[in-house]
Amino acid sequence: MNMEEIINGIKQRFECEVQVKEIPCGVKKIKRTSIFVDLKREDFRRFMDYLFEIQEYPHFAIISATDLGENMELLYHFTIDYGKQNEEKTISLRIKLPKSDLRIETITDLIPGAMISEREIHEMVGIEFIGLKDTRHFFLPENWPEGKYPWRRDETFPEDMLNKLYETWKEDDNHE
Amino acid sequence: MSEHAYSIPIGPLHPAIHEPITLKIDVEGEKIVGVDVFCSQVHRGIEWIGMNRNNPIQSIYLSERVCGICNICHPFCMVQAVEDAAGLYPPERADYIRTIMAELERIHSHLLWAGVAAHEIGFDTVFHYTWALREKVMDLIEYLTGNRVTKAIMMIGGVRRDITEEGKKKLKEGMQFYLEKFAKIEDVYFNDPTIQMRTRDVGILTKEDALKLCAVGPVARASGVPKDVRQDFPYGAYADYGVKAITPDMYNGEVHGDVFDRIIVRLLEVKHSVEIINWAVDNLPAGPVLAEKNLVKLKMLLKKAEGEGIGRVEAPRGEDIHYVRLEKGKESFLSWKIRAPTYNNVLPWIPMLLGGQIADVPIVAASTDPCISCLNRVTVVDERGRKYEITKEYMHELSVKKTRRLMRNAH
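Keep in mind the model is a prediction, meaning the values are calculated, not measured.

J.: Is there a simple way to explain the interface of chain A and chain B in this structure?
T.: Interfaces are often sized by the amount of accessible area the parts lose when they come together. Contacts between chain A and chain B engage 59 residues on the former and 59 residues on the latter. Summed over both partners, the interface of chain A with chain B buries about 5,100 Å², with 58% contributed by carbon and sulfur atoms. Put simply, Glu88(A) and Arg312(B) hold a salt bridge, and the shortest N to O gap is 3.0 Å. At the boundary of chain A with chain B, the tally comes to 28 residue pairs in polar contact (both at pLDDT 80 or more). Mapped by element, the contributors of at least two residues to the side of chain A that touches chain B are strand S1 (17-25), strand S2 (30-39), strand S3 (59-67), strand S4 (71-80), strand S5 (89-98) and helix H3 (115-125) of chain A. Considering every element that reaches the side of chain A that touches chain B, the biggest residue donor is S3(A), with eight residues. Across the side of chain A that touches chain B, the residue classes tally to 27 nonpolar, 18 polar and 14 charged.

Structure, rendered in structure tokens:
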């Protein structure tokens, strides 16, 4: 499936903004393609179905999260058309969630390989994945305090847990 | 889990991976019936430092320290993402030098892995032989970058060091050395009956599981998924060369998805990397190696830039992806996400280990190419609460004994 077909397909089915980046590299200046799609939360599962239509097993890379103050932004990075010379494209789905309602459906039923990433985002920024069966900590220790999220830029950031080495040194410390 | 099952926690320091990791394995006798994985030991918060303390140039050196072995591909990935976000692209020569560096890293990483795999099944002579061969590429890396490990060659908009005529000559000599030695490595690993006995049909990952669990790199390719970022997604000089993903059927026409196939894929990739380096040295374009030489200007440019970018690199272990977002007026990244290849290759351990034996855990875990250096502190707890410990040494001994047993039975 070529680029125009994919972009037209997305625009026909969803009310969203699509941004395409093409970056040349090397001497022959062959381009690599990244597609960013701004999506509403309601359309998310429908978009996943569309993704499975254009690629039998879309490759899931990672979810990245950004704290934008009022909202949390999730970017689901997928790739399609892998296994073909210079044809692979990344599709990044951007979904904004208001901090008052940080919930989104899981995709682990479609892509089991997304489990670690969903657990990571769950513990690092506090997004609730509806339908995610395993919500134990993966990267943070088991006794991590509840309601503290290290990748947030607001009051839920565990400020008191920061290790500030420069504060441990005092004028009258004896270094002999 | 039946009442005869034992639960064996392996780890947290650390059965297989660069970060400490815990494997909880349920066994009945020697058969593995359940596997669970945990990572929650030492999260270093590298992304947080990049998002809060460092400027992007400092973060290059921080990203080098994500991994001791992949310390080209992480900064490579990161600078690509930043270049993408800021719209500052490297000159052609830099693309080629980056490619050469990434391939040197692949050679050293795959040889290191092959040595570890041989050690895990009790072939220490092969282990020493392979690691002795690896020294040549380490010397080359040291000659070209000044360091054996953290190479500090990547820079946003290019590379920090050029390759001289003398360097080209040394690279060619080094690659000739590997082409000559490859036949012997091939013979040792591919034709030895004991290696085949220990690794054939052990730790199988089916193609479907590989696709569903999003496995990457040699693990996915050994299961017959022709997925290779160098082939699929143009970056560096790879698109000019036209890389073909290596799957085990290229060697013997069949795909098993087992540990032996992973050995085949990695060793063939060593040869492939040698070819890529030879080609890149011959076709190295002339010109500058940096888009912006002045670091202060570069820092200001990045501070003013606004945008986001994705960097993807085929690391020795598979697809590595970095996502970077820059905000105007903010020195550090607004957002930085690192996804190292092992992240995706941990879940495939579960289907690989299920139904296997405890003695196969080291080689199966090692076959996805994590670091096996600290498989210490394994505690066995049985249902009635009695505890005893299995150390890494004991587990290694079990593995060696199995090899010996198989060798005896074969004769």
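Here the narrative resumes, following the displayed structure.
J.: Would you mind showing me how to read the pattern of salt bridges here?
T.: Note on pairing: side chains with opposite charge can pair once their charged atoms come close. Counted according to the given criterion, the structure contains 41 salt bridges over all chains. In this structure, Asp67(A) engages Lys99(A) in a salt bridge whose closest nitrogen and oxygen atoms are separated by 2.8 Å. Of this pair, Asp67(A) sits in strand S3 while Lys99(A) sits in the loop between S5 and strand S6 (103-105), placing them 32 residues apart in sequence. If you follow the salt bridges from partner to partner, you end up with Glu103(B), Arg106(B), Arg221(B), Asp228(B), Arg230(B), Glu269(B) and Glu314(B) in one network.

J.: Whenever I open this one, the nonpolar core confuses me. Can you help?
T.: The tendency in soluble globular proteins is for nonpolar side chains to be buried side by side. Within the largest apolar cluster, 174 residues are counted, with the highest numbers of intra-cluster contacts made by Tyr76(A), Leu93(A), Ile127(A), Leu104(B) and Tyr189(B). Counting residues per element, this core draws most heavily on helix H4 (residues 92-120) of chain B, at 14 residues. Every residue in contact with Leu93(A), bar those within four places of it in the chain, is listed here: Val37(A), Leu39(A), Phe44(A), Phe47(A), Met48(A), Leu74(A), Leu75(A), Tyr76(A) and Phe78(A).

J.: Help me understand the packing of aromatic side chains in this model?
T.: For any pair of aromatic rings, geometry is given as the distance between the ring centres together with the angle between the planes. Overall, the coordinates contain 18 aromatic pairs over all chains when judged by the stated rule. Pairing Phe14(A) with Phe47(A) gives two aromatic rings, centres 5.1 Å apart and planes at 45°, and the pair type is tilted. Of this pair, Phe14(A) sits in the loop between helix H1 (3-13) and S1 while Phe47(A) sits in helix H2 (residues 44-54); the two residues are 33 residues apart in sequence, bridging distant segments of the chain. Of the two residues, Phe14(A) and Phe47(A), neither departs from the other in class, the shared state being buried. Taken together, Phe44(A), Phe60(A), Tyr76(A) and Phe78(A) form an aromatic cluster joined through their ring pairs. When the ring centre of Phe177(B) is taken as origin, the NZ or CZ atom of Lys136(B), which lies over that ring, is 5.5 Å away. Just above the ring of Phe233(B) sits the side chain of Arg312(B); from NZ or CZ to the centre is 4.7 Å.

J.: Hey, could you run me through the sheet that holds strand S8 (residues 335-339) of chain B in this one?
T.: By definition, the strands of a sheet pair up through backbone hydrogen bonds, in either a parallel or an antiparallel sense. Residues and elements named next belong to chain B. Strand order in the open sheet formed by three strands is S6-S7-S8, and the pairing between neighbours is antiparallel. The two strands at the open ends of the sheet, each matched to only one other strand, are strand S6 (307-315) and S8. When the angles between neighbouring strand axes are averaged without regard to direction, this sheet yields 10°. Relative to S8, strand S7 (residues 318-326) runs antiparallel, the two being bridged by five bridges.

J.: I'm lost on the packing of H1(A) against H2(A) in this one. Help?
T.: In a packed pair of helices, the relevant descriptors are the angle between the two axes and the axis-to-axis distance. All names here are of chain A. Across the interface, H1 lies against H2 with an axial gap of 12 Å and an inter-helix angle of 150°. Of the possible angle classes, the one that applies to H1 and H2 is roughly antiparallel. In terms of crossing hand, the pair formed by H1 and H2 is right-handed. Seen from H1, the contacting residues are Glu 5, Ile 6, Gly 9, Ile 10 and Arg 13; seen from H2, they are Arg 46, Phe 47, Tyr 50, Glu 53 and Ile 54. Looking at the contact of H1 with H2 residue by residue, the classes come out as five nonpolar, one polar and four charged.

Calculation notes
All residue numbers refer to positions counted from 1 along the written sequence of the respective chain. Each chain gets a letter, beginning with A, and each ligand a number, beginning with 1, in the order they are written. Residue-level local features of this predicted model are given only where pLDDT is at least 70; pairs of side-chain atoms are given and counted only at 80 or more, and the full residue set underlies all totals for whole chains, interfaces and linings. Excluded from the side-chain calculation are hydrogens and water; included are all heavy atoms of the structure. Any two residues whose heavy atoms approach within 4.5 Å are treated as being in contact. Accessible-area loss on putting two parts together, using a 1.4 Å probe and summing over both, is the definition of buried area adopted here. We define a salt bridge as a side-chain nitrogen of Lys or Arg found within 4 Å of a carboxyl oxygen belonging to Asp or Glu. In the analysis that follows, any N or O atom pair within 3.5 Å is treated as a polar contact, provided that within protein one partner can donate a hydrogen and the other can accept it, and provided that, for residues neighboring in sequence, both atoms belong to side chains. Secondary structure elements are taken from DSSP: a helix is a run of H or I of four residues or more, a strand is a run of E of two residues or more, and numbering for both begins at the N terminus. All residues other than Ala, Val, Leu, Ile, Met, Phe, Trp, Tyr, Cys, Pro, Asp, Glu, Lys and Arg, Gly among them, are scored as polar; the first ten of these are nonpolar and the last four charged. Think of a nonpolar core as a cluster: buried Ala, Val, Leu, Ile, Met, Phe, Trp, Tyr and Cys residues, connected wherever their side-chain atoms sit within 4.5 Å. Only protein chains enter the calculation, and the probe is 1.4 Å; a residue is then buried if its accessible area is under 20% of its type maximum, exposed if over 50%, and partly exposed in between. Aromatic pairs are defined between Phe, Tyr and Trp rings, using the six-membered ring for Trp, whenever the two ring centres lie within 6.5 Å; interplanar angles under 30 degrees are classed as stacked, those over 60 as edge-to-face, and all others as tilted. By definition here, charges over rings are those cases where NZ of Lys or CZ of Arg is within 6 Å of the ring centre and within 35 degrees of the ring normal. Two strands qualify as a pair provided DSSP detects at least 2 bridges between them. For helices, the fitted axis covers only the stretch in contact; all axes are lines through C-alpha atoms, and the angles between them, taken along N-to-C directions, range from 0 to 180 degrees. Here the angle decides the label: under 35 degrees means roughly parallel, over 145 means roughly antiparallel, 65 to 115 means roughly perpendicular, and every other value means oblique. By definition, turning the near helix anticlockwise from the far helix through less than a right angle yields a left-handed crossing, and turning it clockwise yields a right-handed one.

Function cannot be inferred from these measures alone, as they are strictly geometric.
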